[in-house]
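Chain by chain, the residues run as shown.
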Amino acid sequence: MPQIIDHRRIINAIIIAIASFIFLLTVEGVWEAYEEYLAVQEMAYANEMADDIITAGDTEARERGVTSSTFGNGALADAATVRRISALREKGDAAWKHAMLTARRIRSGLDADSEFAEAIKQAELEYSGLLKARQRVDACLEGKSCGYSAAEWFKDITYFISMSSRLRESAFLMLDTPRHVVQLNISLKRWVWLASEHAGRERATLVYYINRRAVVPPAVLDELKANRGVVERSIQDIQLVNSLRNTDPRIRQAIHEMEAHFVTRFGALRQQVYAGAGKGEYPVDGAQWLQTSTAAIDSILAIATEVTRVTDNYARQAKQDSINNVLRRIALLGITFVLVLWGMAKVRQTANALFKQKELAEVTLHSIGDAVITTNAAAEVEYINPIAEELTGWSMEEAYGKPLAEVIVLINGVTQEAEPNPVERCLRERQVVGLAGNVVLKAKDGKEYIIEDSAAPILDRKGDIIGAVMVFYDVTQMRHTPHLLSYHATHDALTGLVNRREFERRLAEMLVHAKTLGQQHALCYIDLDQFKVINDTCGHAAGDKLLRQLTYLMQEKARDSDTLARLGGDEFGILLENCPLDQALRIADSMRQVIKDFRFAWEGHSFDLGASVGLVPINADSVSPAEVLSEADAACYAAKEKGRNRVQIFQPGNLELARRHGEMRWVARLKEALEQDRFCLHLQVIEPLNGTGSKHGEFLLRLTDENGELVPPMDFIPAAERYNLMPAIDAWVVRTGLENIARCLKEKPALHGMVFNINLSGATLGEEGLEASILEQLALHQVPPQCVCFEITETAAVANLEQAAKLIKALKTGGCRFALDDFGSGLSSFAYLKQLPVDYLKIDGSFVRVMHTDPVAYAMVQAINTVGHVMGIQTIAE
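Residues numbered from 1 in each chain as written. Predicted model: local features only at pLDDT ≥ 70, side-chain atom pairs only at ≥ 80, totals over all residues. Heavy atoms only, no water.

## Re unusual backbone geometry
Phase 1: Backbone geometry places Arg 430, a non-glycine residue, at a positive phi of 60°.
Phase 2: Positive phi is not limited to glycine here, since Gln 782 has a value of about 55°.
Phase 3: Looking at where Gln 782 falls in the secondary structure, it is placed in the loop between α24 (770-781) and β19 (788-793). (Helix = DSSP H or I, 4+ residues; strand = E, 2+ residues; numbered from the N terminus.)

In structure tokens, the structure reads:
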């Protein structure tokens, strides 16, 4: 135990140390304020450099546009054009040189081998390349033999502009700049640069073809569309900044002006130019296009100018704040010394009495057999006895003055999550507090002890809290707890049950025993029926409590040899070892009954539960753990479909379960087929009976399996419909069908009058955004809407009547056609045809095939055909 020799000297030393510490903190604060001032200054330089690079890039983009325009005219550059190009070069070079001067000033404060220094070297090298490219293009414009094309010039200057932007971004990354300033200078200015630069590429490319009145080649048009996509995405990103709550009003106004000028007015002209690009017919000449596009791009660059103004304001304010901060800290330093001198006089008056009482208390605590730690009112350690030193790994000298939470590290033995310190709670609640069960003390050297303890507040004569005492002892040997890490790896943290990983390992062992020893086991798969309702209504805390209570009830029903596990959110599994199927059925049903009888109470409300149970025998014929789990899942799903709250046994001879099992296997195969693009479309011709009229063809979906064999749709469509995969498959059909139509019309212009039928499933009709998606695909592939006829089955249309009518009316307005498939096979009613303005009725083939021998089928076909013609709907016989 430390000996206290000279109380006054210790007190004086502590006070001087505190004063010195505060002095150092103040000096450090002054230095930090000065560094903040330097950082703001460097940020201002970086902002200035970024604006110069953006100005230079915009000017060089204009130079690129004027030069491309001259190339497009196919004539020598006249004097006015030469002067214009020279003026642009002079302005761009001035901005570039000023940017490099600022960049070198920033580099002086960085390491010589920093990334920013390397970026400067690379930029200077690329600038030399630009000068050489200019010499070559000048020779071409003067009519000399140059061997330099417009495409090469476009590529060289575009590459230089792109490299310049990297220098701009690297400057901000090297600085200690506030987050919102980084957002403005890096993110927003980068989007401005991307939008203006790619719009500039459009401007330069299109002016070349506009001047030549030439058709834009498909490859160039694709590149233009890519540039246009970058522009539109960057504009959207800029517009998102406008929606942020703390965006400066000046930036908002600049964005609004950009939207009005670039997006609205210039967007209309750009749409017309792209429309004429395929024919070489343009609504403006090259000079008009160059002038209009340049003004539109300037509206984008104006946003960067406003960003600069905002950040400059921030820099000026930050500089003033730094100076004020320095002055405040110096004043604090003087006040600190005054307070220290006054405090020393007061502390000496009571020092001797306090230390005498403290020494007596420490001698008493030193001899206690339990671990004892005392703290002050701030939960900082004041004393720790030898037993506590041994358990925590902290000595008295090391622990003194440390926060108790640093010395006493408590974790939950099951979840390994931090446990609240009881001393902090007892100080807060002013009462004795004990630890929860299974709490582990993690010592300084990494050792772990299971402890039990209590903490109590220490009160002075006035009843005020002046500290707390914590007493604890090691109970590790008493618990015989398995190794915590191993336990955590194999058990569910919430319920304490075996987790899915351990469950599957034990299942694998059980399969081995069944095959080698001929044993009979069973797997019970339990899915709670109403758990999601409770979780959504009452919250996750209620759901967690329910699962813990239910776990206790199921453990009471399980045998000692059984393995009860939590497999998922509301899914449980039971391995019934050495259990014949009839006994397993009784156990499974008892579990179902326990869940059914359980009433969960939460905040005055009572909830009922149910469970769907799948039961699978495990014997020598069982294939694998994955197969057994899949069979159990299929049986559980079948139990749900039959009305829930029941037990369903999986038997290999059960056709319904076999079908369900097969459909579940199809889910993974269909997802894989979508990822590997193994679906294909066949075209079936629809012939007019009178030999006249437009030609029709229907796309039929097929699947190529893993062996390259074609799979008919009825083998996989039921599974896709049941497990909600049809929307994804329909999206593939629409996209691929329109791609094929576009290619067919391009390669065979004679087929422009043909109508192509594409099927849509009932599940897809309810998908949000279906209409917009179809219109987008039509525009993307440039397929005339009148060439497309979408087919919807009669039953799907009736089941989704409102959505179907809305979709049909919307797409027919755009020119598409619609057919009602399998008419007559379902809920046929001529009345709802008034709500579905379809163009064709496809009479179900079951009537058509037998109409020559079956009078009823003949009458059905005749009635549908007659009513269809009266309503102006053509009929198709399948």
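Following the structure, the description resumes.
## Quick word on the packing of α24 against helix α26 (residues 801-813)
Phase 1: The N-to-C vectors of α24 and α26 enclose an angle of 25°; their axes lie 10 Å apart at closest approach. Classed by the angle they form, the pair α24 and α26 counts as roughly parallel. Considering the relative orientation of α24 and α26, their crossing is right-handed. Residues Leu 770, Glu 771, Ile 774 and Leu 775 of α24 form the contact with α26, whose own contacting residues are Leu 807, Ala 810 and Leu 811. (Axes fitted to C-alpha atoms, helices over the stretch in contact; angles between N-to-C directions. Parallel < 35°, antiparallel > 145°, perpendicular 65-115°, else oblique. Left-handed = near helix turned anticlockwise from the far one by under 90°. Contact = heavy atoms within 4.5 Å.)

## Considering the sheet that holds strand β14 (residues 647-649)
Phase 1: Taken in spatial order, the 5 strands of this open sheet run β9-β10-β8-β13-β14, and their pairing is mixed. Whereas interior strands pair on both sides, the edge strands pair on one side only; in this sheet they are β9 (563-566) and β14. Sheet twist, expressed as the mean angle between neighbouring strand axes with direction ignored, is 20°.
Phase 2: Two elements, strand β8 (residues 521-528) and strand β10 (residues 571-576), share 6 bridges in a ladder whose sense is antiparallel. In the strand pairing of β10, Ala 522 is matched with Leu 576.
Phase 3: Each of β8, β9, β10 and β13 (611-618) touches helix α15 (residues 500-517); the most contacted strand, β10, lies at about 30° to it.
Phase 4: Each of β8, β10, β13 and β14 is contacted by helix α18 (residues 581-597), which is oriented at about 165° to β13, the strand it contacts most. (Pairing = 2+ DSSP bridges.)

## Observations regarding the pattern of salt bridges
Phase 1: This model, assessed by the stated rule, comprises 24 salt bridges.
Phase 2: The partner of Asp 138 in a salt bridge is Arg 89, with the nearest N and O atoms 2.9 Å apart. Of this pair, Asp 138 sits in helix α3 (residues 115-141) while Arg 89 sits in helix α2 (residues 79-107), and the two are 49 residues apart along the sequence.
Phase 3: Exposure remark for Asp 138: the relative accessible area of 24% places this residue in the partly exposed category.
Phase 4: For Arg 425, the salt bridge is made with Glu 429, and the minimal N-O distance between the two is 3.3 Å. Here Arg 425 and its partner Glu 429 are both found in helix α12 (residues 422-429), 4 residues apart, which amounts to about one turn of the helix.
Phase 5: Since its relative accessible area comes to 38%, Arg 425 is described here as partly exposed.
Phase 6: On the basis of relative accessibility, which here comes to 34%, the residue Glu 429 falls in the partly exposed class.
Phase 7: Each of the salt bridges in this network shares a partner with another, and the network as a whole consists of Glu 502, Arg 505, Arg 506 and Glu 509. (Salt bridge = Lys/Arg side-chain N within 4 Å of Asp/Glu carboxyl O. Buried < 20%, exposed > 50% of the residue type's maximum accessible area, 1.4 Å probe, protein only.)

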